[in-house]
Amino acid sequence: VDSGECVHTLQDHSSHVHSVVYSSKGDQIASGSYDGTVRLWDADTGECVRTFQGHSDGVNSVVYSPKGDRIASGSTDRTVRVWDVDTGECVHTLQGHSDQVQSVVYSPKGDRIASGSDDGTVRLWNVATGECVHTLQGHSSEVSIVVYSPKGDRIASGSFDDTVRLWDIDTG
């Protein structure tokens, strides 16, 4: 990085890449593309080691679980998928948004996923069961980004309505 030299160009997607994230160990990179796939790359060699297929439309957001054993992806197909990193299996398909999912994030403990959608809502999902435990409503336009606080007790959501909302995860 000191030299600014490109060390790898990761090429296998057939459409533009919308999201990229490193694993917590730094040994893998996940990318989400409008080709509908999530790809897992070896960060040292640049080789594609796994392709996750199942979304019926473009992938807007990818995120690793805190343990690094799962990847969540949000898509224009209005779903969030949870993938097993080792097997490539889709563990859960989280359905409930009425428009595309723009952003997904794991809670610090890894027991919840928050998703922000163009339907103007933030949904909180139980990772173990795949059930929606809260739907947070209040934005008047698309939710473009969601993040958890370091303690995991709050979520911040940014929207096309020009606001950031802070949510208590227990009360909504």
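Residues numbered from 1 in each chain as written. Predicted model: local features only at pLDDT ≥ 70, side-chain atom pairs only at ≥ 80, totals over all residues. Heavy atoms only, no water.

A closer look at the side chain of Ser-73
Heads up, the condition is: Strands here mean DSSP runs of E at least two residues long; helices mean DSSP runs of H or I at least four residues long; both are numbered from the N terminus. Three labels apply to residues, based on accessible area from a 1.4 Å probe with only protein chains included: buried if under 20% of the type maximum, exposed if over 50%, partly exposed otherwise in between. The term polar contact refers here to a pair of N or O atoms within 3.5 Å; inside protein, the definition further demands a hydrogen-donor-capable atom paired with an acceptor-capable atom, and it admits residues adjacent in sequence only when both atoms are side-chain atoms. What makes two residues a contact is simply this: any of their non-hydrogen atoms within 4.5 Å.
Among the structural elements, Ser-73 can be located in strand β6 (residues 70-75). By relative accessible area, Ser-73 is classed as buried at 0%. There is a polar contact of 2.7 Å between the side chain of Ser-73 and the side chain of His-55. Setting aside anything within four residues of it in sequence, one finds Ser-73 in contact with Val-38, His-55, Val-59, Ser-61, Val-62, Thr-79, Val-80, Arg-81, Trp-83 and Val-104.

Overview of unusual backbone geometry
Positive phi is not limited to glycine here, since Arg-78 has a value of about 75°. Mapped onto the elements, Arg-78 comes out in the loop between β6 and β7 (79-84). Residue Arg-78 is classed as partly exposed on the basis of its relative accessible area of 44%. Here the phi dihedral of Asp-162 falls at roughly 70°; this positive angle occurs in a residue that is not glycine. With relative accessibility at 76%, the residue Asp-162 sits in the exposed group.

Remarks on the sheet that holds β7
Basically, it comes down to this: At least two bridges found by DSSP between two strands is the condition for calling them paired. Each axis is a line fitted through C-alpha atoms, and for a helix only the stretch in contact is used; angles between axes span 0 to 180 degrees, taken between their N-to-C directions.
If you walk across this open sheet you meet the four strands as β5-β6-β7-β8, and the pairing is antiparallel. On the outer flanks of this sheet lie β5 (59-64) and β8 (90-95), each paired with one strand and no other. On average, each strand axis in the sheet is tilted by 15° relative to the strand beside it, whichever way the strands run. In this sheet, β8 lies alongside β7 in antiparallel orientation, the contact comprising five bridges. Looking at the pairing, Thr-79 lines up with Gln-95 of β8.

Section: the side chain of Ser-75
Note that Ser-75 resides in strand β6. Among the polar contacts made by the side chain of Ser-75, one reaches the main-chain carbonyl oxygen of Gly-58 at a distance of 2.7 Å. When sequence neighbours within four positions are dropped, the list of residues in contact with Ser-75 reads His-55, Asp-57, Gly-58, Val-59, Asn-60, Gln-100 and Val-101.

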